[in-house]
Amino acid sequence: MASRSSSRVHTLIHSVLEERAARGMGSDLPETKVTLRLNAADAFWLSQLADLMDASRTRAAAQLLSAAIRDAAQAAKLPTEGDTFREALQTFLEQEFPAEPHPDAKS
């Protein structure tokens, strides 16, 4: 059991580092707000994990959801890196955040 928990924490940390690397130094991708409801058991586990991660429940939920989304995208064999991914991401950013400056936008 310990190795499984360690692996999940390692995966979360690795995912956060990948996200920071993808954003580049000093530039942030725009963020969006998602509201969700959790059942009591999930809210309890989120509180426990937030304490373990020394983060707010919102921050812990965002990191955990981000890691789960990336895992799901890879499992679905969606492009998660390379030119195809970058082009699709850029198109998404232009559609969802038209007024936001984009880190990868060419001047």
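Coordinates for the structure precede this section.
So, a few notes on the structure that sits alongside this text. (Residues numbered from 1 in each chain as written. Predicted model: local features only at pLDDT ≥ 70, side-chain atom pairs only at ≥ 80, totals over all residues. Heavy atoms only, no water.)

Here the focus is a nonpolar patch on the surface. Where nonpolar side chains cluster on the molecular surface, the patch consists of Val34, Leu36, Leu38, Leu65 and Ile69 and spans about 460 Å² of accessible area. Looking at the element boundaries, Leu38 is found in the loop between helix 1 (2–23) and helix 2 (40–53). Owing to a relative accessible area of 41%, Leu38 belongs among the partly exposed residues under this scheme. (Patch = residues over 30% accessible without salt bridge, like charges linked within 9 Å, V, L, I, M, F, W, Y side chains within 5 Å. Areas by Shrake-Rupley, 256 points an atom, 1.4 Å probe, with all protein chains shown as cover. Salt bridge = Lys/Arg side-chain N within 4 Å of Asp/Glu carboxyl O. Helix = DSSP H or I, 4+ residues; strand = E, 2+ residues; numbered from the N terminus. Buried < 20%, exposed > 50% of the residue type's maximum accessible area, 1.4 Å probe, protein only.)

Moving on, we get to the packing of aromatic side chains. A full pass over the atoms with the stated rule returns 2 aromatic pairs. With a centroid separation of 5.2 Å and 70 degrees between ring planes, the pair formed by Phe44 and Trp45 is classed as edge-to-face. Judged by relative accessible area, which is 53%, Trp45 ranks as exposed. For the ring pair Phe92 and Phe97, a centre distance of 6.4 Å and an interplane angle of 75 degrees mean the geometry is edge-to-face. With a relative accessible area of 41%, Phe92 lands in the partly exposed category. (Phe/Tyr/Trp six-rings, centres within 6.5 Å; stacked < 30°, edge-to-face > 60°.)

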